[in-house]
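Read off the chains here:
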Amino acid sequence: MTSDIHLAFAHPAERSEATAGAGPLDRISLRDHVVEVEIGAVQAERGRTQRVCFNIVVEVRPQSGPIDDDVDRILSYDRVTEAIAYELAAERLNLLETLAERVAERILLEPQAVRSFVRIEKLDRGPGALGVEIVRAQDGHPHAPVAYEVPHPRLVYLSNAAIASPHLPGWIDQLQARQRPLILCVGAPDAAAPQTAHPLTQRRIDLLAIEQNAWVLASRDARCVVVSTRTELDWAMRNGQISVWAPSKIVLDAVDGPSAQPGDAVALAAWFAATFAATEMLVIGADLPASSEVPLRALPVGQAQL
């Protein structure tokens, strides 16, 4: 590592660039991420929170294939903030050094990560910022998958009659009050989709028809956000966002995809519920699927209370 004195207080991004090896690496960064947390070894720091600022740079291996503008193929910035949140929630710590070590090591569990530069500073302990900075590198050995707590959502399938029902805002109010991640699924609109003679082409058209209806649902209630990737869904479940599933990407990317066809949207939603380990699937205004790996419950469109 370089001994240039000007790097002593440089941003981790500059240290990363100055100490890079011969091989090309990409970098992602988190700058000036401030969190209120109780941390510290002295008595004055107990029983109260203080502002702690994180600056992190992660060197990652370049993608071996095309990214195709696909968020599921990259190391998401959310993984960095989630590593911070995970370690802060694990236990109260005395030392920034311990926190920095744990955050760096958790980031390095991601398969793309090569080195992590972690700077953490206390902003309220004096007139300036007091902190620590560490650099950690992959050890070259394969790691187990990163162990984040997996959210278990409640999945709700809405028929077209349910989407148009005046009860829709009230149902969403009730579901949101239960403080569990919520994913909404829909089928195709009542209008017939274009028909082709090719099964694979028709499958895509039918999935896109479902996505059209997802946008119709989102237009009925501003709390509903259409999402299509696992990364978006994971973020939404951890951050209290109500998601409306746009199925094309996840269905078409699945190695062991659903046997249900897009025309049987309730069965497709049941497959999706099992994929995301949902605690329950509530079907409003449609028949229950013939089988499901998660508990099922039906609700008539005319019933206001869930």
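As a reminder, the structure under discussion sits directly above these lines.
Residues numbered from 1 in each chain as written. Predicted model: local features only at pLDDT ≥ 70, side-chain atom pairs only at ≥ 80, totals over all residues. Heavy atoms only, no water.

Neighbouring strands of a sheet are bound in pairs by backbone hydrogen bonds; such pairs are parallel or else antiparallel. Read across the sheet, four strands follow the order β1-β2-β3-β4 without closing on themselves; strand pairing throughout is antiparallel. The open sheet has two edge strands with one neighbour each: β1 (26–37) and β4 (130–137). Strand-to-strand twist across the sheet, computed as the mean angle between neighbouring axes with direction ignored, equals 15 degrees. Two strands pair when backbone bridges link them, and β1 and strand β2 (residues 50–60) are joined in this way by 10 bridges, in the antiparallel orientation. (Pairing = 2+ DSSP bridges. Helix = DSSP H or I, 4+ residues; strand = E, 2+ residues; numbered from the N terminus. Axes fitted to C-alpha atoms, helices over the stretch in contact; angles between N-to-C directions.)

Turning our attention to the nonpolar core. In terms of nonpolar packing, the biggest core is built from 48 residues, with Leu155, Leu158, Leu184, Trp245, Phe272, Met281 and Ile284 touching the most fellow members. When residues in this core are grouped by element, the largest group, eight residues, is from helix α9 (residues 265–275). Discounting chain neighbours no more than four positions away, the residues touching leucine 184 are Val156, Leu158, Leu217, Cys224, Ile242, Ser243, Val244 and Trp245. Residues Val52, Val58, Leu93 and Leu99 belong to the second largest nonpolar core, which totals 27 residues. (Core = buried A, V, L, I, M, F, W, Y, C linked by side-chain atoms within 4.5 Å. Buried < 20%, exposed > 50% of the residue type's maximum accessible area, 1.4 Å probe, protein only. Contact = heavy atoms within 4.5 Å.)

This paragraph deals with the packing of aromatic side chains. Taken as a whole and judged by the stated rule, the model has two aromatic pairs. Judged by centre distance (3.8 Å) and plane angle (10 degrees), the ring pair of tryptophan 245 and phenylalanine 272 falls under stacked. Within this pair, whereas tryptophan 245 is found in strand β8 (residues 242–245), its partner phenylalanine 272 is found in helix α9, the two being separated by 27 residues in sequence. You'll find tryptophan 245 and phenylalanine 272 in the same group, each marked buried. Plain terms: the ring middles of phenylalanine 272 and phenylalanine 276 are 4.9 Å apart, the flat faces sit at 45 degrees to each other, and that makes the pair tilted. This pair shows no difference in class: phenylalanine 272 is buried, exactly as phenylalanine 276 is. Ring pairing ties together the aromatic residues Trp245, Phe272 and Phe276, which thus form one cluster. (Phe/Tyr/Trp six-rings, centres within 6.5 Å; stacked < 30°, edge-to-face > 60°.)

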